[in-house]
Amino acid sequence: MEYFFTEEQKMIKDLARRVARERILPVAAELDEREEFPAQMREWFGETDLMGVGIPEEYGGLGGGVLETCLAVEEISWACPGVATAYAANWLGIMPILLAGSEEQKQKYVRPVARGEKLAAFCLTEAEAGSDAGAIRTTARREGDFYVLDGTKQWITNGGEADIYTVIALTAPEKGPRGASCFVVEKGTPGLSFGRKEKKMGIRASATREVVFTGCRIPASQLVGREGQGFAIAMRTLDRARPGVGAQAVGLAQGALDRALAYARQRVQFGKPIISFQAIAHMLADMATQIEAARALVYATARTIDAGAKDFAKESAMAKLFASDVAMRVAIDAVQIFGGYGYMRDYPVEKLMRDAKITQIYEGTNQIQRNVIAQELLRESARKG
Amino acid sequence: MKVIVLIKQVPETTEVRINPETNTLVREGVKGIINPFDTYALEEGVRIKERLGGTVVVVSMGPPQAREALQDAIALGADEAVLLSDRAFAGADTLATSRALAAAVRKLEPYDLIICGKQAIDGDTAQVGPEVAELLDIPHVTYVRRIRELEPGRVVVERMVEGAVETVEMSLPGLITVVKDINQPRIPSLKGIMKARRAAIPVWTPADVGISEELVGLRGSPTVVEKVFVPQVERRGEILEGSPREVAEALLSRLEALGVR
């Protein structure tokens, strides 16, 4: 499909594709097997400027928007969805600062991320606050010119690896979500520590850890936006980032299709390549059709956001929901086409099937996405009377 | 430190096809790339600049579309690029090519080091590097796999020879040709690619580099390619049967009959 990209968008896509195919693909299986965070993040994404794709030029980035970021994420995910997670989580981590941070915070924290010198992570989820993000318990108590953070964040992507943590914590616990605020905490701050690294089903090249705050004292200047804005900042961050999960799912699904297609052409049974059997050919046709539909929705949503739309929570949720469900189905079908070989870890598609599952769960489960969409439908219909 | 890197644009190897009628390379629609061995030369030049400061100038001779290869070189970190392109340069063999490149290098003097890939993947001659050095009357070392020491006026390199590695010290200015063991070429950065698009790449003619048209291109080439063809392989196998003794005797008498002693 022709998506009429600008020259710059094509350039970003081509370069991300090169990095993905020449550098990431050869090590993807090994990173998965060893559950290893890639030490080459800076080389892959810093030295090529890909880290700065979604960062404004005044903070050292390339000034691209959500679409440009999605193009990069999609290509990276084609080679390894786990690496794509680490890449996208970095962008998610600085998003609160880009959306609500002071000029000084942007210069200090966003610039090194754009250069790939520092990594970021976003800390919202807690053990008792997953889908119900408003139930967080981590607190930030004001003490003169400082805040003191206490609490444990769970399942933090890039946890332990990141240098910069944006954290949602309660400054007025009695107000619930309205009492939440956003802070930026640097690695190495006394009172910031990391729990165990989670053992995951998929996206095993990405690091997922507990981030623990124990009397963690930070200057009041580390507050992002104003007190009480934390929850709104978190929701705006997620609304902007969700198409990125959609793009990750599209890249993953395309990777699964490409591998299944190549296999179906080469695998001979009953004296013929299996692609000549309609049962297989139709599976491939359905996979391709679903992927193209998901891609079109992700790109359209990204373009809507980049064009300055005010309200895009619904579209953003739809893109994430649809693309991740497609990725799961396509990955399962890819394994089916590979047959017994698909079940073996020597072949690439079982990894994609394991990797696909998380896209239906994280950054808001697909059930939560449906809630968001339904709420918006209700609101729109009430407005019309 | 000023480093000059000589590069060649070649057809993407995976796409090379020969027209069976004319026995010539099908160039239409084939993407041009920097000769893979030259990418190691360029990477080494850029690393020298990053380590010691200075500039990297890339020179290529070729048709106008070779500009793309030079743009790629700028995206990968070269500071300047020059294209030698003119009808008079066309049809050059390695000597005529080396004369043109040497003339361009003279125009870029002073310089410290010239780096070339060990050979081009299309011609495979490995002659241009050493010829340029001879024409410039500077020393050269081929098949370099590592630069051990580098300072103004002097370089120490490791060179691959069959079954061994030679360490060679050479005075500068000089020329080296490099093998792929020397480094892993980087992928360009987005800012590099954007810079390359805007870069001015001057095009030099024989007159610009002060060389007679008689010495370059087809007219300056002593090599004449009479014919390029795909060899017809006509192998016939024969299997001798019998006991080992019988087979050995049969083979011996067959070889004797063929005059093998």
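No experiment lies behind these values; they were computed from the predicted model shown.

### Quick notes on the sheet that holds strand 13 (residues 203–204) of chain B
Residues and elements named next belong to chain B.
Stage number 1. Spatially, 9 strands are ordered 11-10-9-12-8-1-6-7-13 in an open sheet, and the strand pairing comes out mixed. The sheet is open, and its two edges are formed by strand 11 (164–171) and strand 13, each paired on a single side.
Stage number 2. Strands strand 1 (2–7), strand 6 (55–61), strand 7 (80–84), strand 8 (113–117) and strand 13 of the sheet are contacted by helix 3 (residues 94–107), whose axis makes an angle of about 150° with strand 6.

### Brief notes about the pattern of salt bridges
Pairing is possible between side chains that carry opposite charge, provided their charged atoms lie close to one another.
Residue and element names in this part refer to chain B.
Stage number 1. Overall, the coordinates contain 43 salt bridges over all chains when judged by the stated rule.
Stage number 2. Measuring nitrogen to oxygen at the nearest pair gives 2.8 Å for the salt bridge that ties Arg 219 to Glu 214.
Stage number 3. Given the relative accessible area of 57%, Arg 219 is considered exposed.

### Describing the interface of chain A and chain B
Stage number 1. Each partner contributes residues to the interface: chain A has 18 residues there, and chain B has 12 residues.
Stage number 2. For the pair chain A and chain B, the two sides together bury roughly 1,200 Å², of which 65% comes from carbon and sulfur.
Stage number 3. When residues of chain A are sorted by the area they lose upon contact with chain B, Met 11, Arg 23 and Asp 49 of chain A head the list and together hold 43% of the total.
Stage number 4. At the surface where chain A touches chain B, the tally comes to 1 salt bridge.
Stage number 5. Note that Glu 7 of chain A is salt-bridged to Arg 197 of chain B, the shortest N-O span being 3.3 Å.
Stage number 6. Between the two partners, chain A and chain B, sit 7 residue pairs in polar contact (both at pLDDT 80 or more).
Stage number 7. Looking at the side of chain A that touches chain B residue by residue, the class counts come to 7 nonpolar, 3 polar and 8 charged.

### Thoughts on the side chain of Glu 350 of chain A
Stage number 1. Here Glu 350 of chain A shows up in helix 9 (residues 349–359).
Stage number 2. At 2.8 Å, the side chain of Glu 350 of chain A forms a polar contact with the side chain of Arg 354 of chain A.

### Section: the packing of helix 3 (residues 66–79) of chain A against helix 6 (residues 230–266) of chain A
Residues and elements named next belong to chain A.
Stage number 1. It is at 7 Å that the axes of helix 3 and helix 6 come closest, and there the two elements cross at 35°. The chirality of how helix 3 crosses helix 6 is right-handed. Every residue of helix 6 that contacts helix 3 at Val 66, Cys 70, Val 73, Glu 74, Ser 77, Trp 78 and Ala 79 is listed here: Arg 240, Pro 243, Gly 244, Ala 247, Gln 248, Val 250, Gly 251, Leu 252, Gln 254, Gly 255, Asp 258 and Arg 259.

### Some words on the nonpolar core
Stage number 1. Membership of the largest hydrophobic core comes to 163 residues, with the highest contact counts inside it found for Phe 45 and Leu 50 of chain A together with Ile 176 of chain B.
Stage number 2. Among the elements that take part in this core, helix 6 of chain A stands out by supplying 14 residues, more than any other.
Stage number 3. Contacts of Leu 50 of chain A, omitting those with residues within four sequence positions, involve Ile 12, Leu 15, Ala 16, Val 19, Trp 44, Phe 45 and Tyr 87 of chain A together with Leu 190 of chain B.
Stage number 4. Leu 6, Val 57, Cys 116 and Val 216 of chain B belong to the second-largest nonpolar core, a separate cluster that totals 27 residues.

### Re the confidence of the model for chain B
Stage number 1. Per-residue pLDDT for chain B averages 91, and the proportion of residues at 70 or more is 95%.
Stage number 2. Both confidence scores are given for the complex: pTM 0.87, ipTM 0.84.

### Here's the deal with the packing of helix 3 of chain A against helix 4 (residues 81–100) of chain A
All names here are of chain A.
Stage number 1. Taken N-terminus to C-terminus, the directions of helix 3 and helix 4 make an angle of 155°; their axes are 7 Å apart at the nearest point. Accordingly, the angle class assigned to the pair helix 3 and helix 4 is roughly antiparallel. Facing Val 66, Thr 69, Ala 72, Val 73, Ile 76, Ser 77 and Ala 79 of helix 3, the residues of helix 4 in contact are Pro 81, Val 83, Ala 84, Tyr 87, Ala 88 and Trp 91.
Stage number 2. In terms of residue class, the contact of helix 3 with helix 4 is made up of 11 nonpolar, 2 polar and no charged.

### Considering the pairing of strand 12 (residues 174–178) of chain B
Residues and elements named next belong to chain B.
Stage number 1. Most of strand 12 is tucked away: 5 of the 5 residues are buried.
Stage number 2. Burial along strand 12 is two-sided: the face carrying Gly 174, Ile 176 and Val 178 and the face carrying Leu 175 and Thr 177 are both buried.
Stage number 3. Bridge analysis of strand 8 against strand 12 gives 5 bridges, and the strand direction is parallel. In the strand pairing of strand 12, Ile 114 is matched with Leu 175.

### Let's talk about the environment of Arg 261 of chain B
Stage number 1. Checked against the element boundaries, Arg 261 of chain B lands in the segment after helix 6 (244–257).
Stage number 2. C-alpha of Arg 261 of chain B to C-alpha of Leu 84 of chain B: the two residues are 177 residues apart in sequence and 55 Å apart in space.

Cut-offs used in this document
The residue count restarts for each chain, going from 1 along the sequence in the order it is written. Whichever chain is written first is A, and whichever ligand is written first is 1; the rest continue in order. For a predicted model such as this one, the threshold for reporting local features is a pLDDT of at least 70, and the threshold for listing and counting side-chain atom pairs is 80 or more; totals across whole chains, interfaces and linings nevertheless cover every residue. Hydrogen atoms and water are omitted, and side-chain values are computed over all heavy atoms in the structure. A pair of strands is labelled paired if DSSP reports no fewer than 2 bridges between them. The helix and strand labels rest on DSSP assignments: H or I over at least four residues marks a helix, E over at least two residues marks a strand, and numbering proceeds from the N terminus. Two residues form a contact once any of their heavy atoms are found within 4.5 Å. Interaxial angle, 0 to 180 degrees, is taken between N-to-C directions of lines fitted to C-alpha atoms, where a helix line uses only the stretch in contact. Within this document, salt bridges are pairs made up of a side-chain nitrogen of Lys or Arg and a carboxyl oxygen of Asp or Glu, the two lying within 4 Å of each other. The buried label goes to any residue with under 20% of its type's maximum accessible area, the exposed label to any with over 50%, and the partly exposed label to all in between, with areas taken from a 1.4 Å probe on protein chains only. Buried area adds together the accessible area that both of two parts lose upon being put together, with accessible area traced by a 1.4 Å probe. Pairs of N or O atoms within 3.5 Å make up the polar contacts considered here, provided that, within protein, one atom can donate a hydrogen while the other can accept it, and that residues adjacent in sequence are counted only when both atoms are side-chain atoms. Think of it as three bins: nonpolar holds Ala, Val, Leu, Ile, Met, Phe, Trp, Tyr, Cys and Pro, charged holds Asp, Glu, Lys and Arg, and polar takes everything else, Gly as well. By the definition used in this description, the sense in which the near helix is turned from the far one sets the handedness, with an anticlockwise turn below a right angle giving left-handed and a clockwise turn giving right-handed. Note on terminology: a nonpolar core comprises buried Ala, Val, Leu, Ile, Met, Phe, Trp, Tyr and Cys residues joined through side-chain atoms within 4.5 Å. Values of pLDDT, which run from 0 to 100, indicate the predictor's confidence residue by residue. Orientation categories follow fixed angle ranges, with anything under 35 degrees roughly parallel, anything over 145 roughly antiparallel, 65 to 115 roughly perpendicular, and all other angles oblique.

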